[in-house]
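# Breakdown of the fold
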Amino acid sequence: MDFKKMIGFGVAGNFAGHLEQAGEAADFISVQTEEAIQPKAIFPFYIPSTTLNLEHQFLSTYPISNQYISFPNEIGADNLQIEPEIALICDIEYSNKKVAKLTPRFFAAYNDCSIRRPNAKKISEKKNWAPKSKGLSSNLLAITSFEPGSEIDQFHIACFHKRGEQFNEYGIDSPALGYSYFHKKLLDWIIDKMNTQPDQGPMNNIPELIEKANYPKQAIIAIGATRYTDFGEHHFLQVGDTSIVVVYNAQKYTHTDIVAMAKEGDFAEDISALVQTVI
């Protein structure tokens, strides 16, 4: 799989309480939703294109790593947080230059690592600042269906932070079924946003960016960050820290099992783990 040819999107506001903890809820006050639990928008984190205008050129930098997180160099951008998520690797089908179908083929642990920039105009401006500013586990888990009752329903998302000898839980261990939108409802909503989302407020014009990328055949779609523990909400990453995001089958492993694996840095082969060092 060539991830550099895939377009990258994230879902904002698909886990109750995360935007408030991240200080981003106010960004979406003007965004209208059909129901209270509906996600707010999708945002680009990577556009495989050489023809982006100056405003969007930063999105053409390939940001994904399974080993490192690049600490941002700019002044005032040191408030860097882990965002533990599930990412879906999807095939895209088009009809008349519109997205007609998304088919998830794999899922994996993902870190939508973000700079808390209070003055950012677009959510995408917090997402891609350099190579190695995002994380995707190298252990992709195959998915045969994204219907209710499929294998992904058994999985949980956990997140940890290491600094020297200190080890803390950074995200609240959360079931995949805890997402506000999931299964077909989520895919239908994402397809609609890929075809219609305008350049408005914190949102980017998504159809325009898909066209700039020449209608890619696959996408990496991060479907939303879980809520933080109190530690995670109030602690930011520093150079030398270790970020750990784990997507695991909760019918096979307990949370205690995952904590022990995370402390040792050694995970079972059927777990999608993402361990990144901040550099």
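Shown above is the structure to which this text applies.
Right, let's walk through the structure included here. Along every chain, residues carry numbers that run from 1 in the direction the sequence is written. Local features in a predicted model are, by the rule used here, given only for residues with pLDDT of at least 70; side-chain atom pairs are given and counted only at 80 or more, and totals for whole chains, interfaces and linings are based on all residues. Hydrogen atoms and water are omitted, and side-chain values are computed over all heavy atoms in the structure.

## Some words on the nonpolar core
- Counting residues in hydrophobic clusters, the biggest one holds 56 residues, and the most contacted among them are I86, L88, L102, F107 and M194.
- Looking at this core, the element that brings in the most residues is helix α2 (residues 183–196), giving 6 residues.
- In contact with M194, not counting residues within four places along its chain, are F9, I42, I92, V99, L102, I206, P207 and I210. Among buried residues, those of type Ala, Val, Leu, Ile, Met, Phe, Trp, Tyr and Cys that are joined through side-chain atoms within 4.5 Å constitute a nonpolar core. Only protein chains enter the calculation, and the probe is 1.4 Å; a residue is then buried if its accessible area is under 20% of its type maximum, exposed if over 50%, and partly exposed in between. Each helix corresponds to a stretch of at least 4 residues labelled H or I by DSSP, and each strand to a stretch of at least 2 residues labelled E; elements are numbered beginning at the N terminus. A contact between two residues is defined here by any heavy atoms of the two lying within 4.5 Å.

## Re the side chain of D241
- Position of D241 among the secondary structure elements: in the loop between α4 (230–234) and β14 (242–249).
- Judged by relative accessible area, which is 2%, D241 ranks as buried.
- Polar contact is the term for a pair of N or O atoms within 3.5 Å; when the atoms are in protein, one must be able to donate a hydrogen and the other to accept it, and sequence-neighboring residues count only if both atoms are side-chain atoms. Within polar-contact distance, the side chain of D241 engages the side chain of H161 at 2.9 Å.
- Here Q238 takes part through its backbone nitrogen, which lies 2.9 Å from a polar atom of the side chain of D241.
- Excluding residues within four positions of it along the chain, D241 makes contact with H161, K162, R163, F236, Q276, T277 and V278.

## Section: the pattern of salt bridges
- Throughout this description, the term salt bridge denotes a Lys or Arg side-chain nitrogen within 4 Å of a carboxyl oxygen of Asp or Glu. Tallied over the entire structure, the rule returns 10 salt bridges.
- Taking the shortest distance from any N to any O, the salt bridge between E83 and R116 comes out at 2.8 Å. In this pair, E83 is assigned in the loop between β5 (80–81) and β6 (84–95) and R116 in the loop between β8 (114–115) and β9 (134–136), connecting sequence segments 33 residues apart. Here E83 and R116 have matching classes, each one buried.
- Residues K252 and D270 are paired through a salt bridge, measuring 2.6 Å at the closest nitrogen-oxygen approach. Placement of the pair is K252 in the loop between β14 and α5 (255–264) and D270 in the loop between α5 and β15 (272–278), with a sequence separation of 18 residues.

## With respect to the sheet that holds β14
- A sheet is described by the order of its strands in space; here 5 strands give the open sequence β4-β15-β14-β11-β12, paired in mixed fashion. Each of the sheet's edge strands pairs with one partner strand only, and the pair in question is β4 (68–69) and β12 (166–175).
- Direction of pairing for β4 relative to β15: parallel, over a ladder of 2 bridges. Looking across to β15, one finds that I69 is bridged to V278.
- With axes taken as lines fitted to C-alpha atoms, and helix axes fitted only over the stretch in contact, angles between N-to-C directions fall between 0 and 180 degrees. Its contacts with the sheet place α5 against β11 (155–163), β12 and β14, and it is angled at close to 35° to β11. Should DSSP find at least two bridges between two strands, the strands are regarded as paired.

## A look at the packing of aromatic side chains
- The criterion for an aromatic pair is that two Phe, Tyr or Trp rings (for Trp, the six-membered ring) have centres within 6.5 Å, with stacked assigned to planes under 30 degrees apart, edge-to-face to planes over 60 apart and tilted to the rest. Per the counting criterion, the structure on display carries 11 aromatic pairs.
- Ring centres of Y94 and Y215 lie 5.4 Å apart, and the angle between their planes is 80°; this geometry places the pair in the edge-to-face category. You can see Y94 sitting in strand β6 and its partner Y215 sitting in the loop between α3 (206–212) and β13 (218–222), a full 121 residues away along the chain.
- One aromatic cluster is present, built from ring pairs that chain together F15, F146, Y179 and F182.

## Considerations on the pairing of β12
- For β11 and β12, the ladder comprises 7 bridges, and the chain directions are antiparallel. When the bridges of β12 are listed, H156 appears paired with P175.
- Two successive antiparallel strands, β11 and β12, enclose a turn made up of 2 residues, where G164 displays a positive phi of approximately 65°.

## Focus: the side chain of S272
- Inspection of the secondary structure assignment puts S272 in strand β15.
- The exposure class of S272 is buried, given its relative accessible area of 0%.
- Within the structure, the side chain of S272 is placed 2.8 Å from the backbone oxygen of N139, a separation counted as a polar contact.
- The contacts of S272, once residues within four sequence positions are left out, are A108, A109, S137, N139, L141, V245, V246 and V247.

## A few points about α5
- Turning to α5, its buried residues number three or more, namely I258, V259, M261 and A262. Across the axial projection of α5, the buried residues extend over an arc of 165°, all falling on one side. In this structure, α5 carries T256 and E264 as exposed residues pointing more than 90 degrees from its buried face.
- Buried residues in α5 make contact with β11, β12 and β14.
- Just downstream of α5 lies G265, where phi reads positive at about 70°. Think of it as the arc spanned by the lines of direction from the helix axis to the C-beta atoms.

## Notes on the pairing of β11
- Most of β11 sits out of view: 7 of its 9 residues are buried.
- Sheet analysis places β11 next to β14, joined by 8 bridges and oriented antiparallel. Looking at the pairing, K162 lines up with T242 of β14.

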